[in-house]
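What follows is the residue order along each chain.
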Amino acid sequence: MKTFFNLRKLLAICALVWFSSESLNAQNVLYPGNVVITRFAETSDTDYIVKVFDIVAPSLNGATYGNNWLTPIRVPAGSATNSGWTPRRLGRVFGVTIDADGDIYVAATSIATYGFQQYNATGYGSAGSGGIYKITNGTWAVTDFVTTLPAASGSSTTQIPNVKTGIGNLCYDQWNDQLFATNMEDGKIYRIDMNGTIQSTFDPFNADNATPGFAPFGERIWGIAVYGGDTGTTRVYFSRWYETFYSPNQPNEIWSVALDANGNFTGSARQEFIIDEFDPSNTSGGMNPTAQINFSDDGKMLLAERSMSNDTSTDAHASRTMIYTYNAGVWNGPSIFNHGNDIATSPTFTSNCTGGSDFGYELEDSTGMPAGCDQLVWSMADAIVFSGVYIYGLTGMPVAGNTFSNADATSYYVDESNDVTTIPKSYLGCMKIFRDCNDSTFQPPPPPPLPEVPCEFLNAVTPNADGLNDFLTFSCVDSLGWRIVIYNRWGNKIYATDNYANNFPGGLLSDGVYYYVLESPDAARNQAGFFHVWNGQQ
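Here the structure is a predicted model, which means the values were calculated and not measured. Along each chain, residues carry numbers from 1 onward, in the same order as the chain's sequence is written. Residues qualify for local features only when their pLDDT is at least 70, as the model is predicted, and side-chain atom pairs are given and counted only at 80 or more; totals for whole chains, interfaces and linings, by contrast, use all residues. For side-chain calculations, the full set of non-hydrogen atoms in the structure is used, while hydrogens and water are omitted.

**Q** Explanation requested: the packing of aromatic side chains in the structure shown.
**A** Each aromatic ring pair is summarised here by two numbers: the centre-to-centre distance and the angle between the ring planes. By convention, a stacked pair of Phe, Tyr or Trp rings (six-membered ring in the case of Trp) has centres within 6.5 Å and planes under 30 degrees apart, an edge-to-face pair has planes over 60 apart, and any other such pair is tilted. Scanning the entire structure with this criterion turns up 27 aromatic pairs. With 4.8 Å between their ring centres and 55 degrees between their planes, Tyr 495 and Phe 504 make a pair best called tilted. Using a 1.4 Å probe on the protein chains alone, a residue whose accessible area is under 20% of its type maximum counts as buried, one over 50% counts as exposed, and one in between counts as partly exposed. Taking the relative accessible area as the measure of exposure, Tyr 495 reaches 24% and is therefore partly exposed. When its relative accessible area of 6% is taken as the criterion, Phe 504 is described as buried. Three or more aromatic residues link up through ring pairs in this structure, and these residues are Trp 175, Tyr 227, Tyr 237, Phe 273, Phe 295, Tyr 324, Tyr 326 and Trp 331. Each ring is checked for a lysine NZ or an arginine CZ that lies within 6 Å of its centre and within 35 degrees of its normal; such an atom marks a charge sitting over the ring. A cation sits over an aromatic face here: Arg 220 above Phe 217, 4.2 Å from the ring centre. Its guanidinium or amino end placed over the ring of Trp 241, Arg 220 lies 4.8 Å from that ring's centre, counting from NZ or CZ.

The following block contains the structure:
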């Protein structure tokens, strides 16, 4: 299994600036715990349709239950006109995933938003209706990763056949370092290596008829995820779309297929379970399709439904975020989450998922890095709060679940535009959190080999003017020419000088962990590490 993006790279990155609602300057590194979302454009082809939010440890970073959390939004630096994160470059996108290095992948979609005034791309981006785009971590530049074969069927190593039906969703297989995509055109799963080469396909149900247009209901697949143990026991899980809420047919389902030791499909598809109807007592209503699947580290399956009126027209409400758990060969569930409680007591209006949900981090460790993996469930949702203040965006809920009555008292809310006066009904899309539960505790970078006489220091600064540890002091800094750079826990450079004189006080800093890189005048005594600041400035 490939390990996730190495956080030790962060200390090599300088001058990183957070994006706020007032500034478009942003650093271009995706951190563990960050979430990537997709959405549809509202007014122009320069609206951002991909965004990144920092949602690590909400209770420790200014969030309070039931209120909008103004956590930073991050997009590429500079004008949106020149950014690749807009429909001008991407067309419309829905599906999203993240690889082990923090690279982002988004996929073309044919979904059209609800019937409000809106901007919708009239076509697709340069990769076409079957296209997948890569956003590289560290630069956030967009490239065409997989393009479109403009036909209902066909074979190609670099193109997915598609005639304006779009891709369903994407997932990253960390066990075999590859991607999977579901194709709305032919009902197949595409296995793609990290160079964008299609390795194989799998058609779980009836063979495609090679007619342009959507695969029929029952042949159509959307959400997809990979979960398993050692290589050879890993399975691809995917959703089978039979019905929408307003057009009952038969319940939607979850299926899977095994992967062999080389990460290729092996054997036939296996039904895992039939998804429970939204309201079994309502004989005129069905359920909406499952647009995304994710797994916790211990195997909980998280499903996110998307409200759809037909093949392409989206809607709102009656779409759930829910967990199924596996025990002794049986999937048990669902445990259903409530996305706020402001509209009505009807579960139809508290199930407002827009097709994306994932597990997130509740805590930070002693170094300020993500911990408490899988303790929160985050969901993209409409109408989280709808009572004079309108919160549409992300809601973070306890993994144990919530109720209609206690949703506001147990959940964190993030309006995705930081504007609680607007109602972007049906504009929101999918989401993916960058995480690795097996490596969620950050360790500072090891220093280089120690010189014969180590440069000693006490890794705590208490700038309270008591004469003890008021400054960051190194035993070897006894002349000018020593360079030091100090970073906060997010990798932002906060202090630098070429002539350090053991005089960094830290009196204006918040309590926490900071990192330094110290370089001697002759470059023979360089070292790096971390230190704590304790001064009561929380």
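**Q** Would you explain the sheet that holds strand 15 (residues 253-259) in this entry?
**A** Think of a sheet as strands paired side by side through backbone hydrogen bonds, with each pair either parallel or antiparallel. In short, DSSP must find at least two bridges between two strands for them to pair. Secondary structure counts use DSSP, requiring at least four H or I residues in a row for a helix and at least two E residues in a row for a strand, with both numbered from the N terminus. Pairing is antiparallel across the open sheet formed by 4 strands, whose spatial order is 13-14-15-16. The open sheet has two edge strands, strand 13 (220-227) and strand 16 (265-274), and neither has a second partner. Averaged over all pairs of adjacent strands, the angle between their axes in this sheet comes to 25 degrees, without regard to strand direction. Bridge count between strand 13 and strand 14 (residues 235-241): 6 bridges; the pairing is antiparallel. Directly across from Ala 225, in strand 14, lies its bridge partner Tyr 237. Axis angles are defined between N-to-C directions and span 0 to 180 degrees, where every axis is a line fitted to C-alpha atoms and, for a helix, only to the segment in contact.

**Q** Honestly, unusual backbone geometry in this entry has me stumped. Any pointers?
**A** Trans peptide bonds make up most of the peptide bonds, and negative phi angles are found at most residues other than glycine. With omega at 5 degrees, the peptide bond leading from Gly 333 into Pro 334 counts as cis. Its place among the elements puts Pro 334 in strand 20 (residues 330-336). At Ala 210, a residue that is not glycine, the phi angle is positive and equals roughly 65 degrees.

No statement about biological role is implied by the geometric values presented.
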